[in-house]
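Structural characterization, general
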Amino acid sequence: MTPAQATCLSDALVIGYAILEQGGPAAIAVECTIGLLEQSGLFNAGEGANRQLDGVQRMDASIMEGAHLKAGAIASIEGILHPITAARLVMEATNHVLLAGPPATAFAQYYKLEPLSKGRALRRSAGRSPASMAVAQTMELYRAMVKSQRMEKDQHGTVGAVALDRAGTVAAGASTGGVDSMLPGRVGDSPLIGCGVYADNQSGAVSMTGIGEGIIRLVLAKTMCDRLATGASPTVAARQVLRLLVSRIKGSAGALVLSPDGRFAIRHVTPYMAAGWWNGIGSPKVRGQFS
Ligand code: ASP
């Protein structure tokens, strides 16, 4: 984790907690926390999102609240700085859960959500293969892009958050530019309710990061919530389910897990996971690794 990322995480925690302290809803705290990370360009989301193999950023996000099990999600959205806000609007302004592709982008534009910055858009078009480029050159460019994305990968993770508000409602959210070497149109776990994100006041809230294909196959967020519902602590639920991911399918992931009584766990089977927490006492705690 770079110092800039640590500062940004800390600022995001302060923003989220301020909303909760004023009696605001957990879902809004989650949205605003993630929003700051999306606009920082320091993580694999919003301004810093990965590109798919055709050079285009297609982003995924979702949000869920645990009082009424309301959820909203966006998949393969393009050119929007805050996919998490688009997901919140799907949750609040429609009777759907998931919008995908160009119509999802049009939905965000209808609500006048902020576009990605001009600088980013220029960098993005510079990353596209010129139509005239020979196939071999294109592949070379692609391999170089993948290599540089891999080098950046350790520094640029998907972003997520969980929160518990004064009314006792939990919420979870995630926002991502996906993984390395994605086919155009690939969608990960982050916009899939129950996979990347889940929240239920009767069990808890979970936000996942990691290789989405494995997270999807084991429906990890809901599986962790189910463990919480049977009385497991967040630490035990996360540990058991992440072990299952590794032993069954050699998956790789990290989790933010929160129970409705305020206990929480941050656990990962990846080498690193930059994350933090704050309950208003002292200063926000941010680390690059959790055991
Ligand atoms: N889970 C995300 C995805 O598979 C990627 C990540 O968390 O880094 O799209």
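Structure first, text after, so check above.
Residues numbered from 1 in each chain as written. Predicted model: local features only at pLDDT ≥ 70, side-chain atom pairs only at ≥ 80, totals over all residues. Heavy atoms only, no water.

**Structural notes on the pairing of strand β2 (residues 70-77)**
- Where burial is concerned, most of β2 is hidden: seven out of the eight residues are buried.
- Across six bridges, strand β1 (residues 59-65) lies against β2 in antiparallel orientation. What sits directly across from A61, in β2, is I74.
- Between the end of β1 and the start of β2, which pair antiparallel, lie four residues, with L69 showing a positive phi angle near 55 degrees.
- When β2 meets strand β3 (residues 98-100), the two strands line up parallel, connected through three bridges. In the strand pairing of β3, A75 is matched with A100. (Buried < 20%, exposed > 50% of the residue type's maximum accessible area, 1.4 Å probe, protein only. Helix = DSSP H or I, 4+ residues; strand = E, 2+ residues; numbered from the N terminus. Pairing = 2+ DSSP bridges.)

**A look at helix α4 (residues 101-110)**
- The set of residues buried in α4 consists of G101, A104, T105, F107 and A108. For α4, the angular spread of buried residues about the axis comes to 155 degrees, placing them on one side. Exposed side of α4, more than 90 degrees from the buried face: P102, P103 and Y110 are the residues found there.
- Lining the buried residues of α4 we find β2, α3 (83-93) and β3.
- Downstream of α4 by a residue or two, K112 has a phi angle that is positive, lying close to 55 degrees. (Arc of directions from axis to C-beta. Contact = heavy atoms within 4.5 Å.)

**Quick notes on the packing of helix α2 (residues 26-40) against α3**
- Put simply, α2 and α3 touch, their axes get as near as 8 Å, and they point 155 degrees apart. It follows that α2 is roughly antiparallel to α3 by the angle criterion. Contacts from A27, I28, E31, I34, G35 and E38 in α2 reach P83, I84, T85, R88 and M91 in α3.
- Of the residues assigned to the contact of α2 with α3, the class counts are six nonpolar, two polar and three charged. (Axes fitted to C-alpha atoms, helices over the stretch in contact; angles between N-to-C directions. Parallel < 35°, antiparallel > 145°, perpendicular 65-115°, else oblique. Nonpolar A, V, L, I, M, F, W, Y, C, P; charged D, E, K, R; others polar.)

**Comments concerning the site of the ligand**
- Near the ligand you find 12 residues, and of these T158, R186, D189, T209 and G210 are the closest.
- In this structure, an oxygen atom belonging to the ligand sits 2.7 Å away from a side-chain N or O atom of R186.
- Across the shell around the ligand, the residue classes break down as one nonpolar, eight polar and three charged. (Near = heavy atom within 4 Å. Polar contact = N/O pair within 3.5 Å; in protein donor to acceptor, adjacent residues only side chain to side chain.)

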